[in-house]
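# Breakdown of the fold
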Amino acid sequence: ARSQYEDFMRHVRDHGVAKGDRTGTGTRSVFGHQMRFDLNEGFPLVTTKKVHLKSIILELLWFLRGERNVRWLQERGCTIWDEWAADDGDLGPVYGVQWRSWPTTDGGAIDQIAEVVQTLRSNPDSRRIIVSAWNVADLPKMALMPCHAFFQFYVAPATEPGGRGRLSCQLYQRSADIFLGVPFNIASYALLTHMLAQQCDLDVGDFIWTGGDCHIYDNHVEQVETQLARTPYPYPTLQIRRRPASILDYAYDDFEVLDYQHHPAIKAPVAV
Ligand code: THF
């Protein structure tokens, strides 16, 4: 349903327990929640506030480049990672590094994204099409441990001869900032699913979001009230303007979101 995100937010507001957290801000929190977005019913970009899709696209391209420094984002006007970066912009071996070059004990590196593409093409029935950012040995070196930590792809076979399979993705997010982060996280993985489907000649299926500690920060409560008083619009549509040569060759201008009807933006401080 188009109000899944808002229903989730309302549920945590009404039933969350008061809980302290690393940042010292304080939260209302629920442990464990799942949402399922059928990507054929529209692109799941939250409509009850304006969501800054440019930052979402740039962040995803930055992950796919295997970056660990915020400079590339800053040069493009995206500041969402600045709070956690060291003076030289470094974040340590965060998402991009683990996705593209998970270090092996013998000094090599594994490109988990390349392996996903290869497996989707050669063995779509596989139950091992997984990317993990949760590199236990590297966690102490990261500026922030991965929130969206582990994701799996699944191909439902074509239902008619000559038809296409349908690509679904499920994400496990250990920690979920419902007001600020979750709209970004949902749209980011929905986008990645569309890109991989295009690269592997598949249709899109579902994006399933699974959350661990799902929380509303105490300093977002007023913003949440504003948002929950609004009625969601139908989701927009994603268009990818060309088919790049590989999953690593997408550019910001390749993406267009059509008919994004939304309520006004709502500002909120991010807990660091
Ligand atoms: N830490 C916390 N507390 N919340 C998070 O959502 C979060 N992340 C990433 C890492 N640590 C986190 C960083 N991602 C915004 C959005 C995503 C972020 C960080 C900040 C943010 O401030 N969004 C504003 C402005 C958007 C913009 O400037 O482009 C917004 O209104 O949406 C979640 O993975």
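Note that residues are indexed from 1 along each chain, following the sequence as it is written. In keeping with the predicted nature of the model, local features appear solely for residues at pLDDT of at least 70, side-chain atom pairs appear and are counted solely at 80 or more, and the whole-chain, interface and lining totals rest on all residues. Calculation of side-chain values draws on the structure's entire complement of heavy atoms; hydrogens and water are dropped beforehand.

### Notes on the overall build of the protein
When its secondary structure is counted, the protein shows seven helices and 10 strands. Within these notes, the globule rule equals 2.2 Å times the number of residues to the 0.38 power, and the radius of gyration is based on C-alpha atoms. Computed over its C-alpha atoms, the radius of gyration of the protein comes to 18 Å, within 12% of the 19 Å expected for a compact globule of 272 residues. Dimensions along the principal axes, computed over C-alpha positions, put the protein at roughly 50 × 45 × 35 Å. Type-normalised accessible area, obtained with a 1.4 Å probe on protein chains alone, sets the label of each residue: buried when under 20%, exposed when over 50%, and partly exposed for intermediate values. Across the 272 residues in the protein, those meeting the buried criterion constitute 52%. Once local pairs closer than 6 in sequence are excluded, the contacts in the protein between residues at least 24 apart make up 69%. Counting from the N terminus, the helices are the DSSP runs of H or I reaching at least four residues and the strands are the DSSP runs of E reaching at least two. We call two residues in contact when some of their heavy atoms are within 4.5 Å.

### Digging into the pairing of strand β7 (residues 166-177)
Alignment of strand β6 (residues 148-156) against β7, held across eight bridges, turns out to be antiparallel. Paired with Phe 153 across the bridge in β7 is Cys 169. For two strands to count as paired, DSSP must find a minimum of two bridges between them. With 10 bridges joining them, β7 and strand β8 (residues 203-217) adopt parallel strand pairing. Bridging across to β8, Cys 169 finds its partner in Phe 207. Remark: the β7/helix α6 (residues 181-199)/β8 crossover connection has right-handed handedness. Call a crossover right-handed when, viewed with both strands pointing away from you, the route from the first strand across the helix to the second goes clockwise.

### Examining the sheet that holds strand β2 (residues 27-38)
Across the sheet, six strands lie side by side as β1-β2-β8-β7-β6-β5; this open sheet has mixed pairing. The sheet is open, and its two edges are formed by β1 (17-19) and β5 (130-132), each paired on a single side. On average, each strand axis in the sheet is inclined to that of its neighbour by 20°, with strand direction left out of account. Each axis is a line fitted through C-alpha atoms, and for a helix only the stretch in contact is used; angles between axes span 0 to 180 degrees, taken between their N-to-C directions. Running at roughly 160° to β2, helix α1 (residues 4-15) makes contact with β1, β2 and β8 of the sheet.

### Notes on unusual backbone geometry
Phi at Asp 201 takes a positive value of approximately 55°, unusual for a residue other than glycine. Mapped onto the fold, Asp 201 is located in the loop between α6 and β8. Residue class for Asp 201 comes out partly exposed when judged on its relative accessible area of 41%. A positive phi angle is found at Asp 259, which is not glycine, with a value near 60°.

### Overview of the packing of aromatic side chains
Two rings belonging to Phe, Tyr or Trp (six-membered ring only in the last case) form a pair when the distance between their centres is within 6.5 Å. Interplanar angles under 30 degrees mark stacking, angles over 60 mark edge-to-face geometry, and anything in between is tilted. Overall, the coordinates contain 14 aromatic pairs when judged by the stated rule. Ring centres of Phe 63 and Tyr 95 lie 4.9 Å apart, and the angle between their planes is 50°; on these two criteria the pair is classed as tilted. Of the two residues, Phe 63 sits in helix α2 (residues 53-64) while Tyr 95 sits in helix α4 (residues 95-101), which places them 32 residues apart along the sequence. Residues Phe 63 and Tyr 95 agree in their burial class; the two are buried. Ring centres of Tyr 189 and Phe 207 lie 6.2 Å apart, and the angle between their planes is 10°; on these two criteria the pair is classed as stacked. Of this pair, Tyr 189 sits in helix α6 while Phe 207 sits in strand β8, and the two are 18 residues apart along the sequence.

### Quick look at the nonpolar core
Put simply, buried Ala, Val, Leu, Ile, Met, Phe, Trp, Tyr and Cys residues joined by side-chain atoms within 4.5 Å make one nonpolar core. Counting 79 residues, the largest nonpolar core has Trp 99, Phe 153, Met 195 and Trp 209 as the members making the most contacts within it. Looking at this core element by element, the count peaks at 11 residues for α6.

### Things to note about the pattern of salt bridges
Every case where a carboxyl oxygen of Asp or Glu lies within 4 Å of a side-chain nitrogen of Lys or Arg is listed as a salt bridge. Taken as a whole and judged by the stated rule, the model has 15 salt bridges. Its salt-bridge partner being Glu 256, residue Arg 241 comes within 3.2 Å of it at the nearest N-O pair. A residue pair is termed long-range when its members are at least 10 positions apart, and Arg 241 in the loop between β9 (237-240) and β10 (255-258) and Glu 256 in strand β10 qualify at 15 residues. Relative accessible area serves as the criterion here: at 51%, Arg 241 is assigned to the exposed category. Connected through salt bridges with shared partners, the residues Arg 164, Asp 201, Asp 203 and Arg 243 form a single ionic network.

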